[in-house]
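# Residue-level structural notes
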Number of protein chains: 2
Amino acid sequence: MNRPIGIIDSGVGGLTVVKEIQRQLPKEELVYIGDTARCPYGPRPVEEVRRFTWQMIDRLIHQNIKMLVIACNTATAVVLEEVRETLSIPVVGVIRPGAAAALKATENEHVAIIGTEGTIKSKAYLHELYKINENITAHSLACPSFVPLVERGEYEGFESYQMVKRTLEPLMNKRFDTLILGCTHYPLLADVIQKAIGSERFLISSGTETAREVSTLLYHNDMLFTGNRTPCHTFYTTGSPNSFTMIANRWLDTHIDHPLTIHLGENASFFSS
Amino acid sequence: MNRPIGIIDSGVGGLTVVKEIQRQLPKEELVYIGDTARCPYGPRPVEEVRRFTWQMIDRLIHQNIKMLVIACNTATAVVLEEVRETLSIPVVGVIRPGAAAALKATENEHVAIIGTEGTIKSKAYLHELYKINENITAHSLACPSFVPLVERGEYEGFESYQMVKRTLEPLMNKRFDTLILGCTHYPLLADVIQKAIGSERFLISSGTETAREVSTLLYHNDMLFTGNRTPCHTFYTTGSPNSFTMIANRWLDTHIDHPLTIHLGENASFFSS
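As annotated in an unreviewed UniProt entry, chain A is Glutamate racemase from Alteribacillus iranensis. According to its UniProt record, chain A has this under Catalytic activity (unreviewed entry): "L-glutamate = D-glutamate". UniProt, in the comment section headed Sequence similarities (unreviewed entry), describes chain A in these words: "Belongs to the aspartate/glutamate racemases family."

## Considering the overall build of chain A
The number of helices and strands found in chain A is eleven helices and eleven strands. Here the C-alpha radius of gyration of chain A, 18 Å, is about what a compact globule of 273 residues would show, namely 19 Å. Based on the C-alpha atoms only, the size of chain A along its principal axes is roughly 50 × 40 × 40 Å. Counting all 273 residues of chain A, 60% fall into the buried class. For chain A, the proportion of contacts with a sequence separation of at least 24, taken over those separated by at least 6, is 75%. Distance between charge centres in chain A, computed from 26 positive and 30 negative side chains, equals 1 Å.

## Regarding the UniProt feature "binding site: substrate" (unreviewed entry) in chain A
All names here are of chain A. UniProt records the feature "binding site: substrate" (unreviewed entry) at Asp9, Ser10, Tyr41, Gly42, Asn73, Thr74, Thr184 and His185, using the numbering of this structure. Across 177 residues, the annotated set stays spatially compact, with a maximum C-alpha separation of 13.4 Å. You can see Tyr41 is positioned in the loop between strand 2 (30-34) and helix 2 (46-61). Residue class for Tyr41 comes out buried when judged on its relative accessible area of 1%.

## Some thoughts on the interface of chain A and chain B
Counting residues at the interface gives 38 residues for chain A, matched by 38 residues for chain B. When chain A packs against chain B, close to 3,200 Å² is buried across both sides, 47% of that on carbon and sulfur atoms. Of all residues in chain A, A:Lys104, A:Arg212 and A:Tyr219 give up the largest surface area on contact with chain B, accounting jointly for 23% of the area buried on that side. At the junction of chain A and chain B, the tally comes to eight salt bridges. Residue A:Lys104 pairs with B:Glu209 through a salt bridge whose shortest N-O separation is 3.0 Å. For the pair chain A and chain B, the number of links is 26 residue pairs in polar contact (both at pLDDT 80 or more). Broken down by secondary-structure element, the contributors of at least two residues to the side of chain A that touches chain B are helix 1 (15-24), helix 3 (73-86), strand 4 (91-93), helix 4 (95-105), helix 6 (124-132) and helix 10 (206-220) of chain A. Looking at the side of chain A that touches chain B, the element that brings in the most residues is helix 10 of chain A, giving nine residues.

Scoring rules and cut-offs
Residues numbered from 1 in each chain as written. Chains lettered and ligands numbered in written order. Predicted model: local features only at pLDDT ≥ 70, side-chain atom pairs only at ≥ 80, totals over all residues. Heavy atoms only, no water. UniProt positions renumbered as here; feature names shortened; annotations may be inferred. Helix = DSSP H or I, 4+ residues; strand = E, 2+ residues; numbered from the N terminus. Rg over C-alpha atoms; globule rule 2.2 N^0.38 Å. Buried < 20%, exposed > 50% of the residue type's maximum accessible area, 1.4 Å probe, protein only. Contact = heavy atoms within 4.5 Å. Lys, Arg positive; Asp, Glu negative; His and termini not counted. Charge placed at Lys NZ, Arg CZ, Asp CG, Glu CD. Buried area = accessible area lost by both parts, 1.4 Å probe. Salt bridge = Lys/Arg side-chain N within 4 Å of Asp/Glu carboxyl O. Polar contact = N/O pair within 3.5 Å; in protein donor to acceptor, adjacent residues only side chain to side chain.

The following block contains the structure:
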(Lines give C-alpha, C1' and ligand atoms only; values in the text may rest on other atoms or scores of the structure.)
Protein backbone atom coordinates (compact mmCIF):
# COMPACT_ATOMS: atom_id res chain seq x y z
CA MET A 1 0.00 0.00 0.00
CA ASN A 2 1.57 3.15 -1.32
CA ARG A 3 0.75 5.58 1.50
CA PRO A 4 3.09 6.88 4.22
CA ILE A 5 3.19 6.05 7.92
CA GLY A 6 2.70 9.14 10.07
CA ILE A 7 4.88 9.58 13.15
CA ILE A 8 4.43 12.34 15.73
CA ASP A 9 6.55 13.35 18.69
CA SER A 10 6.94 16.27 21.05
CA GLY A 11 10.40 16.84 19.57
CA VAL A 12 13.37 14.82 18.36
CA GLY A 13 13.11 11.72 20.63
CA GLY A 14 10.76 10.01 18.19
CA LEU A 15 13.60 9.92 15.66
CA THR A 16 14.85 6.78 17.45
CA VAL A 17 11.52 5.19 16.45
CA VAL A 18 11.97 6.50 12.88
CA LYS A 19 15.41 4.93 12.74
CA GLU A 20 14.06 1.53 13.81
CA ILE A 21 11.16 1.63 11.33
CA GLN A 22 13.61 2.53 8.56
CA ARG A 23 15.79 -0.44 9.56
CA GLN A 24 13.04 -3.03 10.05
CA LEU A 25 10.75 -1.83 7.24
CA PRO A 26 13.10 -0.17 4.72
CA LYS A 27 10.47 0.24 1.97
CA GLU A 28 7.97 2.18 4.07
CA GLU A 29 7.61 5.91 3.52
CA LEU A 30 7.46 8.09 6.64
CA VAL A 31 6.10 11.53 7.47
CA TYR A 32 7.34 12.86 10.81
CA ILE A 33 6.24 15.87 12.85
CA GLY A 34 8.37 16.92 15.81
CA ASP A 35 6.76 19.67 17.91
CA THR A 36 10.21 20.94 18.87
CA ALA A 37 9.00 24.49 19.58
CA ARG A 38 6.73 23.29 22.39
CA CYS A 39 8.91 20.44 23.68
CA PRO A 40 8.94 18.92 26.30
CA TYR A 41 5.34 17.78 26.77
CA GLY A 42 6.11 16.01 30.07
CA PRO A 43 5.54 18.96 32.47
CA ARG A 44 2.46 20.32 30.58
CA PRO A 45 -1.15 19.92 31.78
CA VAL A 46 -2.94 16.91 30.32
CA GLU A 47 -5.41 19.11 28.41
CA GLU A 48 -2.55 20.91 26.67
CA VAL A 49 -0.80 17.67 25.71
CA ARG A 50 -4.11 16.45 24.28
CA ARG A 51 -4.61 19.65 22.22
CA PHE A 52 -1.05 19.77 20.87
CA THR A 53 -1.12 16.08 19.94
CA TRP A 54 -4.41 16.40 18.07
CA GLN A 55 -3.00 19.39 16.17
CA MET A 56 -0.18 17.18 14.86
CA ILE A 57 -2.59 14.36 14.05
CA ASP A 58 -4.92 16.68 12.13
CA ARG A 59 -2.01 17.76 9.96
CA LEU A 60 -0.94 14.18 9.22
CA ILE A 61 -4.44 13.04 8.35
CA HIS A 62 -4.30 15.48 5.44
CA GLN A 63 -1.17 13.67 4.23
CA ASN A 64 -3.22 10.51 3.64
CA ILE A 65 -1.28 8.38 6.14
CA LYS A 66 -2.14 4.66 6.41
CA MET A 67 -1.07 4.31 10.05
CA LEU A 68 -0.23 6.64 12.94
CA VAL A 69 2.63 6.13 15.40
CA ILE A 70 2.59 8.26 18.55
CA ALA A 71 6.33 8.16 19.25
CA CYS A 72 6.15 10.07 22.53
CA ASN A 73 5.52 8.40 25.88
CA THR A 74 3.71 11.42 27.37
CA ALA A 75 1.35 11.80 24.41
CA THR A 76 0.76 8.04 24.31
CA ALA A 77 -0.18 7.97 27.99
CA VAL A 78 -2.60 10.89 27.56
CA VAL A 79 -4.37 10.39 24.22
CA LEU A 80 -3.69 6.93 22.73
CA GLU A 81 -7.06 5.41 23.59
CA GLU A 82 -9.14 8.32 22.34
CA VAL A 83 -7.10 8.55 19.12
CA ARG A 84 -7.58 4.81 18.51
CA GLU A 85 -11.32 5.20 18.99
CA THR A 86 -11.54 8.25 16.71
CA LEU A 87 -9.34 7.37 13.70
CA SER A 88 -10.19 4.65 11.20
CA ILE A 89 -6.49 3.79 10.58
CA PRO A 90 -4.36 1.66 12.96
CA VAL A 91 -2.74 3.70 15.76
CA VAL A 92 0.37 2.54 17.63
CA GLY A 93 1.78 4.08 20.81
CA VAL A 94 5.21 3.47 22.34
CA ILE A 95 4.10 2.12 25.73
CA ARG A 96 2.31 -1.16 25.01
CA PRO A 97 4.98 -2.55 22.62
CA GLY A 98 7.64 -2.04 25.31
CA ALA A 99 5.46 -3.64 27.99
CA ALA A 100 4.60 -6.66 25.81
CA ALA A 101 8.26 -7.10 24.86
CA ALA A 102 9.22 -7.05 28.54
CA LEU A 103 6.67 -9.80 29.25
CA LYS A 104 8.33 -11.80 26.48
CA ALA A 105 11.86 -11.18 27.71
CA THR A 106 11.57 -11.59 31.47
CA GLU A 107 12.28 -14.99 32.94
CA ASN A 108 11.83 -14.12 36.62
CA GLU A 109 8.79 -11.82 36.19
CA HIS A 110 10.66 -8.87 37.72
CA VAL A 111 10.66 -5.86 35.39
CA ALA A 112 12.02 -2.33 35.87
CA ILE A 113 10.89 0.77 33.99
CA ILE A 114 12.73 4.06 33.62
CA GLY A 115 11.24 7.18 32.02
CA THR A 116 10.56 10.86 32.46
CA GLU A 117 8.73 11.99 35.59
CA GLY A 118 5.49 12.39 33.63
CA THR A 119 5.62 8.87 32.20
CA ILE A 120 6.50 7.23 35.51
CA LYS A 121 3.80 9.22 37.31
CA SER A 122 1.16 8.14 34.75
CA LYS A 123 1.82 4.46 35.66
CA ALA A 124 1.02 3.65 32.04
CA TYR A 125 3.65 0.90 31.83
CA LEU A 126 2.47 -0.70 35.07
CA HIS A 127 -1.08 -0.63 33.78
CA GLU A 128 -0.13 -2.43 30.55
CA LEU A 129 2.02 -5.00 32.37
CA TYR A 130 -0.58 -5.85 35.02
CA LYS A 131 -3.41 -5.95 32.51
CA ILE A 132 -1.72 -8.99 30.96
CA ASN A 133 0.10 -10.54 33.92
CA GLU A 134 -0.76 -9.72 37.54
CA ASN A 135 2.19 -11.71 38.88
CA ILE A 136 4.73 -9.25 37.52
CA THR A 137 6.79 -7.38 40.09
CA ALA A 138 7.58 -3.96 38.63
CA HIS A 139 9.94 -1.22 39.81
CA SER A 140 9.66 2.28 38.32
CA LEU A 141 12.22 5.05 38.42
CA ALA A 142 12.02 8.58 36.97
CA CYS A 143 15.33 9.69 35.45
CA PRO A 144 14.86 13.44 34.78
CA SER A 145 18.56 13.98 34.04
CA PHE A 146 18.70 11.58 31.05
CA VAL A 147 16.87 13.64 28.39
CA PRO A 148 19.05 16.76 28.92
CA LEU A 149 22.12 14.49 28.77
CA VAL A 150 21.03 13.09 25.40
CA GLU A 151 20.00 16.47 24.02
CA ARG A 152 23.43 17.88 24.93
CA GLY A 153 24.91 15.02 22.89
CA GLU A 154 26.58 13.57 25.99
CA TYR A 155 25.37 10.00 25.57
CA GLU A 156 28.77 8.36 25.57
CA GLY A 157 31.89 8.46 27.69
CA PHE A 158 32.86 8.09 31.31
CA GLU A 159 30.99 11.09 32.71
CA SER A 160 27.70 9.98 31.18
CA TYR A 161 28.32 6.52 32.56
CA GLN A 162 28.94 7.92 36.05
CA MET A 163 25.78 10.03 35.93
CA VAL A 164 23.68 7.13 34.61
CA LYS A 165 25.04 4.70 37.17
CA ARG A 166 24.33 7.12 40.01
CA THR A 167 20.78 7.75 38.77
CA LEU A 168 20.01 4.02 38.47
CA GLU A 169 21.38 3.24 41.95
CA PRO A 170 17.89 2.92 43.58
CA LEU A 171 17.12 0.00 41.23
CA MET A 172 20.30 -1.92 41.79
CA ASN A 173 19.14 -3.90 44.83
CA LYS A 174 16.07 -5.10 42.91
CA ARG A 175 15.95 -8.50 41.22
CA PHE A 176 14.71 -7.30 37.81
CA ASP A 177 16.08 -9.18 34.77
CA THR A 178 14.49 -6.81 32.21
CA LEU A 179 14.62 -3.01 32.00
CA ILE A 180 12.23 -1.00 29.81
CA LEU A 181 13.68 2.21 28.36
CA GLY A 182 10.39 4.11 28.71
CA CYS A 183 11.47 7.23 26.84
CA THR A 184 12.35 7.55 23.17
CA HIS A 185 15.54 9.47 24.02
CA TYR A 186 16.98 6.63 26.09
CA PRO A 187 18.08 4.24 23.29
CA LEU A 188 20.96 6.68 22.71
CA LEU A 189 22.11 5.92 26.26
CA ALA A 190 21.65 2.16 25.80
CA ASP A 191 25.37 1.32 25.95
CA VAL A 192 26.04 3.20 29.20
CA ILE A 193 22.78 1.95 30.77
CA GLN A 194 23.66 -1.65 29.88
CA LYS A 195 27.10 -1.18 31.41
CA ALA A 196 25.57 0.32 34.55
CA ILE A 197 23.01 -2.46 35.14
CA GLY A 198 25.20 -5.38 33.99
CA SER A 199 25.21 -7.40 30.78
CA GLU A 200 23.03 -10.21 32.16
CA ARG A 201 19.97 -7.94 32.26
CA PHE A 202 17.83 -7.44 29.19
CA LEU A 203 17.20 -3.92 27.81
CA ILE A 204 13.90 -3.18 26.05
CA SER A 205 13.94 -0.20 23.71
CA SER A 206 10.43 1.02 22.99
CA GLY A 207 11.54 2.29 19.57
CA THR A 208 12.70 -1.16 18.46
CA GLU A 209 9.56 -2.83 19.79
CA THR A 210 7.23 -0.19 18.35
CA ALA A 211 8.73 -0.75 14.89
CA ARG A 212 8.18 -4.50 15.32
CA GLU A 213 4.54 -3.86 16.28
CA VAL A 214 4.14 -1.58 13.24
CA SER A 215 5.39 -4.46 11.06
CA THR A 216 2.78 -6.85 12.53
CA LEU A 217 -0.07 -4.41 12.04
CA LEU A 218 0.89 -3.46 8.49
CA TYR A 219 0.96 -7.15 7.57
CA HIS A 220 -2.32 -8.08 9.24
CA ASN A 221 -4.08 -5.07 7.72
CA ASP A 222 -2.65 -5.85 4.25
CA MET A 223 -0.89 -2.50 4.27
CA LEU A 224 2.77 -3.50 3.77
CA PHE A 225 4.44 -1.86 0.82
CA THR A 226 5.43 -4.89 -1.23
CA GLY A 227 6.94 -3.41 -4.42
CA ASN A 228 10.45 -2.04 -5.01
CA ARG A 229 11.41 1.44 -3.99
CA THR A 230 13.69 3.69 -2.04
CA PRO A 231 11.19 5.67 0.00
CA CYS A 232 11.28 9.43 0.30
CA HIS A 233 10.64 10.57 3.87
CA THR A 234 9.34 13.96 4.98
CA PHE A 235 10.24 15.67 8.24
CA TYR A 236 8.41 18.61 9.77
CA THR A 237 9.49 20.57 12.82
CA THR A 238 7.76 23.40 14.64
CA GLY A 239 11.16 24.70 15.73
CA SER A 240 14.52 25.50 14.14
CA PRO A 241 15.19 23.41 11.01
CA ASN A 242 18.93 23.70 11.57
CA SER A 243 19.03 22.22 15.03
CA PHE A 244 16.52 19.53 13.94
CA THR A 245 18.74 18.59 10.97
CA MET A 246 21.83 18.48 13.16
CA ILE A 247 20.26 16.13 15.72
CA ALA A 248 18.48 14.01 13.10
CA ASN A 249 21.65 13.45 11.10
CA ARG A 250 23.62 12.55 14.21
CA TRP A 251 20.96 10.14 15.49
CA LEU A 252 19.75 8.56 12.27
CA ASP A 253 23.16 8.12 10.60
CA THR A 254 21.56 9.39 7.39
CA HIS A 255 21.37 12.85 5.93
CA ILE A 256 18.10 14.74 6.19
CA ASP A 257 17.80 17.57 3.71
CA HIS A 258 15.63 20.55 4.49
CA PRO A 259 13.17 19.56 7.19
CA LEU A 260 10.11 21.71 6.68
CA THR A 261 8.95 24.19 9.28
CA ILE A 262 5.35 23.68 10.24
CA HIS A 263 3.13 26.01 12.25
CA LEU A 264 0.67 24.32 14.57
CA GLY A 265 -2.03 25.87 16.69
CA GLU A 266 -5.49 27.26 16.38
CA ASN A 267 -4.71 29.90 13.73
CA ALA A 268 -1.95 28.11 11.87
CA SER A 269 -2.83 26.93 8.41
CA PHE A 270 0.34 27.03 6.36
CA PHE A 271 3.56 25.14 5.81
CA SER A 272 6.80 26.96 5.02
CA SER A 273 10.25 25.62 4.32
CA MET B 1 -12.92 -11.05 25.64
CA ASN B 2 -13.90 -14.35 27.22
CA ARG B 3 -13.32 -16.73 24.30
CA PRO B 4 -10.41 -19.11 23.75
CA ILE B 5 -7.53 -18.90 21.29
CA GLY B 6 -7.45 -21.90 18.95
CA ILE B 7 -4.09 -23.50 18.16
CA ILE B 8 -3.58 -26.26 15.61
CA ASP B 9 -0.53 -28.36 14.79
CA SER B 10 0.31 -31.54 12.94
CA GLY B 11 1.33 -33.05 16.29
CA VAL B 12 3.15 -32.02 19.47
CA GLY B 13 5.58 -29.40 18.08
CA GLY B 14 2.99 -26.65 18.48
CA LEU B 15 3.14 -27.18 22.25
CA THR B 16 6.25 -24.95 22.25
CA VAL B 17 3.96 -22.18 20.94
CA VAL B 18 1.37 -23.04 23.62
CA LYS B 19 4.05 -22.75 26.30
CA GLU B 20 5.06 -19.29 25.09
CA ILE B 21 1.48 -18.03 24.88
CA GLN B 22 0.86 -19.32 28.42
CA ARG B 23 3.97 -17.46 29.58
CA GLN B 24 3.42 -14.16 27.74
CA LEU B 25 -0.41 -14.10 28.03
CA PRO B 26 -1.16 -16.09 31.20
CA LYS B 27 -4.87 -15.16 31.33
CA GLU B 28 -5.74 -16.40 27.85
CA GLU B 29 -7.62 -19.67 27.48
CA LEU B 30 -6.34 -22.08 24.82
CA VAL B 31 -7.84 -24.93 22.80
CA TYR B 32 -5.22 -27.06 21.05
CA ILE B 33 -5.57 -29.75 18.43
CA GLY B 34 -2.53 -31.90 17.58
CA ASP B 35 -3.11 -34.19 14.59
CA THR B 36 -0.66 -36.69 16.06
CA ALA B 37 -2.18 -39.67 14.22
CA ARG B 38 -1.33 -38.19 10.83
CA CYS B 39 1.94 -36.45 11.80
CA PRO B 40 4.26 -35.43 10.13
CA TYR B 41 2.64 -33.20 7.51
CA GLY B 42 6.00 -32.29 5.90
CA PRO B 43 6.23 -35.19 3.40
CA ARG B 44 2.50 -35.12 2.46
CA PRO B 45 1.13 -33.67 -0.80
CA VAL B 46 0.02 -30.05 -0.53
CA GLU B 47 -3.63 -30.97 -1.16
CA GLU B 48 -3.60 -33.38 1.80
CA VAL B 49 -2.01 -30.83 4.12
CA ARG B 50 -4.68 -28.37 3.07
CA ARG B 51 -7.53 -30.88 3.75
CA PHE B 52 -6.18 -32.00 7.13
CA THR B 53 -5.58 -28.44 8.27
CA TRP B 54 -9.08 -27.34 7.34
CA GLN B 55 -10.51 -30.32 9.25
CA MET B 56 -8.81 -29.04 12.41
CA ILE B 57 -9.94 -25.49 11.76
CA ASP B 58 -13.57 -26.55 11.23
CA ARG B 59 -13.53 -28.27 14.62
CA LEU B 60 -12.11 -25.22 16.38
CA ILE B 61 -14.56 -22.82 14.79
CA HIS B 62 -17.30 -24.74 16.63
CA GLN B 63 -15.48 -23.96 19.88
CA ASN B 64 -16.12 -20.23 19.36
CA ILE B 65 -12.44 -19.28 19.19
CA LYS B 66 -11.54 -15.57 18.96
CA MET B 67 -8.24 -16.12 17.11
CA LEU B 68 -6.53 -18.98 15.27
CA VAL B 69 -2.83 -19.84 15.52
CA ILE B 70 -1.45 -22.25 12.92
CA ALA B 71 1.48 -23.55 14.98
CA CYS B 72 2.94 -25.71 12.22
CA ASN B 73 5.38 -24.43 9.62
CA THR B 74 4.20 -26.82 6.90
CA ALA B 75 0.52 -25.95 7.35
CA THR B 76 1.36 -22.22 7.57
CA ALA B 77 3.28 -22.36 4.28
CA VAL B 78 0.41 -24.19 2.54
CA VAL B 79 -2.83 -22.63 3.81
CA LEU B 80 -2.23 -19.45 5.83
CA GLU B 81 -3.28 -17.01 3.13
CA GLU B 82 -6.48 -18.83 2.21
CA VAL B 83 -7.43 -19.27 5.88
CA ARG B 84 -6.86 -15.54 6.52
CA GLU B 85 -9.10 -14.71 3.58
CA THR B 86 -11.83 -17.13 4.66
CA LEU B 87 -12.17 -16.64 8.41
CA SER B 88 -13.47 -13.48 10.02
CA ILE B 89 -11.22 -13.86 13.10
CA PRO B 90 -7.49 -12.95 13.15
CA VAL B 91 -5.23 -15.80 11.95
CA VAL B 92 -1.54 -16.06 12.88
CA GLY B 93 1.00 -18.43 11.33
CA VAL B 94 4.47 -19.25 12.66
CA ILE B 95 6.52 -18.11 9.66
CA ARG B 96 5.98 -14.34 9.43
CA PRO B 97 6.58 -13.63 13.15
CA GLY B 98 9.95 -15.41 12.95
CA ALA B 99 10.91 -13.56 9.77
CA ALA B 100 9.91 -10.13 11.18
CA ALA B 101 11.78 -10.84 14.42
CA ALA B 102 14.90 -11.74 12.42
CA LEU B 103 14.67 -8.42 10.57
CA LYS B 104 14.53 -6.74 13.97
CA ALA B 105 17.45 -8.70 15.41
CA THR B 106 19.97 -8.76 12.56
CA GLU B 107 22.61 -6.05 12.49
CA ASN B 108 24.51 -7.23 9.40
CA GLU B 109 21.47 -8.25 7.32
CA HIS B 110 22.70 -11.87 7.08
CA VAL B 111 20.08 -14.33 8.31
CA ALA B 112 20.07 -18.13 8.40
CA ILE B 113 16.99 -20.36 8.53
CA ILE B 114 16.80 -24.00 9.58
CA GLY B 115 13.69 -26.15 9.26
CA THR B 116 12.28 -29.40 7.93
CA GLU B 117 12.85 -30.27 4.27
CA GLY B 118 9.27 -29.23 3.44
CA THR B 119 9.57 -25.81 5.07
CA ILE B 120 12.96 -25.05 3.53
CA LYS B 121 11.78 -26.22 0.10
CA SER B 122 8.70 -23.96 0.32
CA LYS B 123 11.00 -20.91 0.63
CA ALA B 124 8.29 -19.36 2.80
CA TYR B 125 10.80 -17.66 5.16
CA LEU B 126 12.80 -16.25 2.24
CA HIS B 127 9.61 -14.91 0.73
CA GLU B 128 8.63 -13.12 3.96
CA LEU B 129 12.15 -11.72 4.49
CA TYR B 130 12.57 -10.43 0.92
CA LYS B 131 9.06 -8.99 0.82
CA ILE B 132 10.13 -6.55 3.52
CA ASN B 133 13.86 -6.13 2.84
CA GLU B 134 15.49 -7.12 -0.46
CA ASN B 135 18.99 -6.46 0.86
CA ILE B 136 18.87 -9.43 3.23
CA THR B 137 21.31 -12.26 2.53
CA ALA B 138 19.64 -15.48 3.63
CA HIS B 139 21.02 -19.00 3.99
CA SER B 140 18.62 -21.94 4.37
CA LEU B 141 19.39 -25.42 5.65
CA ALA B 142 17.08 -28.41 6.05
CA CYS B 143 17.80 -30.37 9.24
CA PRO B 144 15.74 -33.59 8.86
CA SER B 145 17.44 -35.26 11.82
CA PHE B 146 16.33 -32.67 14.40
CA VAL B 147 12.63 -33.58 14.77
CA PRO B 148 13.32 -37.30 15.44
CA LEU B 149 15.98 -36.22 17.97
CA VAL B 150 13.46 -34.08 19.85
CA GLU B 151 10.69 -36.65 19.65
CA ARG B 152 13.04 -39.28 21.13
CA GLY B 153 13.60 -36.86 24.01
CA GLU B 154 17.30 -36.50 23.13
CA TYR B 155 17.45 -32.74 23.12
CA GLU B 156 20.21 -32.37 25.67
CA GLY B 157 23.64 -33.82 26.27
CA PHE B 158 26.86 -34.34 24.37
CA GLU B 159 25.58 -36.68 21.67
CA SER B 160 22.79 -34.31 20.66
CA TYR B 161 25.32 -31.50 20.60
CA GLN B 162 27.63 -33.50 18.31
CA MET B 163 24.76 -34.35 15.96
CA VAL B 164 23.50 -30.75 15.88
CA LYS B 165 26.98 -29.34 15.33
CA ARG B 166 27.61 -31.75 12.43
CA THR B 167 24.25 -30.91 10.82
CA LEU B 168 24.82 -27.14 11.05
CA GLU B 169 28.34 -27.38 9.61
CA PRO B 170 27.30 -26.11 6.10
CA LEU B 171 26.21 -22.81 7.69
CA MET B 172 29.31 -22.20 9.72
CA ASN B 173 31.33 -20.39 7.05
CA LYS B 174 28.45 -17.95 6.50
CA ARG B 175 28.39 -14.51 8.11
CA PHE B 176 24.84 -14.72 9.55
CA ASP B 177 24.32 -13.01 12.92
CA THR B 178 20.73 -14.30 13.34
CA LEU B 179 19.36 -17.85 13.05
CA ILE B 180 15.62 -18.58 12.70
CA LEU B 181 14.47 -21.84 14.27
CA GLY B 182 11.94 -22.53 11.51
CA CYS B 183 10.29 -25.53 13.15
CA THR B 184 8.25 -25.62 16.34
CA HIS B 185 10.24 -28.62 17.62
CA TYR B 186 13.55 -26.77 17.52
CA PRO B 187 13.17 -24.54 20.62
CA LEU B 188 13.79 -27.71 22.64
CA LEU B 189 17.22 -27.90 20.99
CA ALA B 190 17.91 -24.18 21.53
CA ASP B 191 20.70 -24.71 24.08
CA VAL B 192 22.71 -27.14 21.94
CA ILE B 193 22.09 -25.09 18.78
CA GLN B 194 23.29 -21.92 20.53
CA LYS B 195 26.42 -23.75 21.69
CA ALA B 196 27.05 -25.07 18.18
CA ILE B 197 26.74 -21.69 16.40
CA GLY B 198 28.37 -19.57 19.13
CA SER B 199 26.89 -17.26 21.73
CA GLU B 200 27.38 -14.08 19.68
CA ARG B 201 24.68 -15.16 17.20
CA PHE B 202 21.04 -14.44 17.88
CA LEU B 203 18.49 -17.30 17.94
CA ILE B 204 14.90 -16.61 16.86
CA SER B 205 12.31 -19.05 18.15
CA SER B 206 9.13 -18.87 16.09
CA GLY B 207 7.08 -19.93 19.13
CA THR B 208 8.27 -16.98 21.21
CA GLU B 209 7.73 -14.56 18.35
CA THR B 210 4.33 -15.98 17.43
CA ALA B 211 3.13 -15.49 21.02
CA ARG B 212 4.36 -11.89 20.85
CA GLU B 213 2.42 -11.36 17.60
CA VAL B 214 -0.68 -12.91 19.20
CA SER B 215 -0.36 -10.35 22.01
CA THR B 216 -0.23 -7.45 19.53
CA LEU B 217 -3.26 -8.67 17.59
CA LEU B 218 -5.37 -9.37 20.66
CA TYR B 219 -4.68 -5.85 21.89
CA HIS B 220 -5.34 -4.09 18.58
CA ASN B 221 -8.56 -6.07 18.05
CA ASP B 222 -9.72 -5.33 21.62
CA MET B 223 -9.71 -9.06 22.35
CA LEU B 224 -7.35 -9.31 25.34
CA PHE B 225 -8.85 -11.00 28.36
CA THR B 226 -8.56 -8.22 30.93
CA GLY B 227 -10.26 -9.65 34.05
CA ASN B 228 -8.87 -12.04 36.65
CA ARG B 229 -8.76 -15.77 36.08
CA THR B 230 -6.71 -18.91 35.91
CA PRO B 231 -7.62 -20.17 32.47
CA CYS B 232 -8.65 -23.73 31.77
CA HIS B 233 -7.02 -25.08 28.62
CA THR B 234 -8.29 -27.94 26.45
CA PHE B 235 -6.06 -30.30 24.49
CA TYR B 236 -7.22 -32.63 21.71
CA THR B 237 -5.11 -35.24 19.97
CA THR B 238 -5.95 -37.53 17.08
CA GLY B 239 -3.48 -40.09 18.42
CA SER B 240 -2.65 -41.72 21.74
CA PRO B 241 -3.63 -39.56 24.75
CA ASN B 242 -0.93 -41.21 26.86
CA SER B 243 2.01 -40.35 24.64
CA PHE B 244 0.56 -36.85 24.09
CA THR B 245 0.31 -36.31 27.87
CA MET B 246 3.84 -37.57 28.42
CA ILE B 247 5.36 -35.22 25.85
CA ALA B 248 3.14 -32.29 26.82
CA ASN B 249 4.03 -32.57 30.50
CA ARG B 250 7.75 -32.85 29.73
CA TRP B 251 7.71 -29.87 27.34
CA LEU B 252 5.28 -27.54 29.06
CA ASP B 253 6.48 -28.05 32.65
CA THR B 254 2.84 -28.23 33.68
CA HIS B 255 0.55 -31.18 34.09
CA ILE B 256 -2.05 -31.84 31.41
CA ASP B 257 -4.91 -34.02 32.59
CA HIS B 258 -6.81 -36.14 30.14
CA PRO B 259 -6.23 -34.76 26.69
CA LEU B 260 -9.28 -35.64 24.65
CA THR B 261 -9.10 -37.91 21.65
CA ILE B 262 -10.61 -36.34 18.58
CA HIS B 263 -11.49 -38.01 15.29
CA LEU B 264 -10.91 -35.91 12.22
CA GLY B 265 -11.77 -36.71 8.61
CA GLU B 266 -14.74 -36.72 6.31
CA ASN B 267 -16.91 -39.08 8.38
CA ALA B 268 -15.76 -38.13 11.86
CA SER B 269 -18.27 -36.21 13.88
CA PHE B 270 -17.66 -37.10 17.51
CA PHE B 271 -15.29 -36.38 20.36
CA SER B 272 -14.40 -39.09 22.86
CA SER B 273 -12.18 -38.95 25.87
